Amino acid sequence: MSASRPAVALLRRPLQNELKKHVLIAFGLSTAAALGYRAIVSEPRKKHYQEFYKNYDEQRHFQRMAEAGVFDSVTPNAEKSEWIVEYEKQVDEAIAALRK
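Per an unreviewed UniProt entry, the recorded name for the protein is Cytochrome c oxidase subunit 6C-1, and the organism is Brachionus plicatilis. The Subcellular location (unreviewed entry) field of the UniProt record for the protein holds the comment "Mitochondrion inner membrane". In its Pathway (unreviewed entry) section, the UniProt entry covering the protein states "Energy metabolism; oxidative phosphorylation."

As structure tokens, then:
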């Protein structure tokens, strides 16, 4: 009788036993996929963006687009209004004061 006892234990809850194994495998594979994506795709992309914006000059890029005629409401090399020049001067002074 003791020889047939292990066979009975294997017949109890076979789906539950398989699900435990498959959930662990799925968790392991998904963790490996997430870490692989981070190492292969995410981190190099982040470094690339950091390098790009380290030397990026948005004012120069804006001027180039304005001269190319991309914007309808911006005329290239147009003189600024007096109040805009004064405002930019105040902003530059405030930034200089904060950096000190």
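And the narrative resumes.
Caption draft 1: Geometry of a nonpolar patch on the surface. Together, Trp 83, Tyr 87, Val 91 and Ile 95 line one region of the surface with nonpolar side chains, adding up to about 440 Å² of accessible area. Tracing the chain through its elements places Trp 83 in helix H4 (residues 82-99).

Caption draft 2: Representation of the layout of surface pockets in the model. There is about 250 Å³ of room inside the largest pocket. Residue lining of the largest pocket: 13 residues in total, with Gln 63, Val 74, Thr 75, Ala 78 and Lys 80 positioned closest to the centre. When residues in the lining of the largest pocket are grouped by element, the largest group, 4 residues, is from helix H3 (residues 58-68). Across the lining of the largest pocket, the residue classes break down as 6 nonpolar, 5 polar and 2 charged.

Caption draft 3: Broad picture of the pattern of salt bridges. Enumeration according to the criterion identifies 3 salt bridges in this entry. Between Lys 21 and Glu 18 there is a salt bridge; the shortest N-O distance is 3.7 Å. Taken together, the residues Lys 21 and Glu 18, both in helix H2 (residues 14-54) and 3 residues apart, mark about one turn of the helix. Residue classification places Lys 21 among the partly exposed positions, given a relative accessible area of 43%. You can call Glu 18 partly exposed: its relative accessible area is 39%. One salt bridge connects Arg 38 with Glu 43, and the closest N-O pair in it is separated by 3.3 Å. With relative accessibility at 25%, the residue Glu 43 sits in the partly exposed group. Where salt bridges share partners, they join Arg 38, Glu 43 and Lys 46 into one cluster.

Caption draft 4: Region of the structure containing a negative patch on the surface. A grouping of Glu 82, Glu 86, Asp 92 and Glu 93 is seen on the molecular surface, where their side chains present a negatively charged patch. Along the chain, Glu 82 turns up in helix H4.

Caption draft 5: Representation of H2 within the structure. In this model H2 runs 58 Å from its N-terminal to its C-terminal C-alpha over 41 residues, within 8% of the 60 Å that 1.5 Å per residue would give. In H2, a bend of some 40 degrees at Arg 38 exceeds every other bend along the element.

Caption draft 6: Summary view of the packing of aromatic side chains. Taken as a whole and assessed by the stated rule, the structure comprises 4 aromatic pairs. Between Phe 52 and Tyr 53 the ring centres are 4.9 Å apart and the planes differ by 85 degrees, which places this aromatic pair in the edge-to-face class. An aromatic cluster of three or more residues is present, and its members are Phe 52, Tyr 53 and Tyr 56.

About the cut-offs
- Residues numbered from 1 in each chain as written.
- Predicted model: local features only at pLDDT ≥ 70, side-chain atom pairs only at ≥ 80, totals over all residues.
- Heavy atoms only, no water.
- UniProt positions renumbered as here; feature names shortened; annotations may be inferred.
- Patch = residues over 30% accessible without salt bridge, like charges linked within 9 Å, V, L, I, M, F, W, Y side chains within 5 Å.
- Areas by Shrake-Rupley, 256 points an atom, 1.4 Å probe, with all protein chains shown as cover.
- Salt bridge = Lys/Arg side-chain N within 4 Å of Asp/Glu carboxyl O.
- Helix = DSSP H or I, 4+ residues; strand = E, 2+ residues; numbered from the N terminus.
- 1 Å grid on protein atoms, 1.4 Å probe; cavity = no way out; pocket = protein on both sides within 12 Å on 5 of 7 lines; lining within 4 Å.
- Points joined across faces, edges and corners; volume = space filled by probe spheres on them.
- Nonpolar A, V, L, I, M, F, W, Y, C, P; charged D, E, K, R; others polar.
- Buried < 20%, exposed > 50% of the residue type's maximum accessible area, 1.4 Å probe, protein only.
- Lys, Arg positive; Asp, Glu negative; His and termini not counted.
- Charge placed at Lys NZ, Arg CZ, Asp CG, Glu CD.
- Expected span 1.5 Å × (residues − 1).
- Bend = angle between axes of the 7 residues up to and from the residue.
- Phe/Tyr/Trp six-rings, centres within 6.5 Å; stacked < 30°, edge-to-face > 60°.

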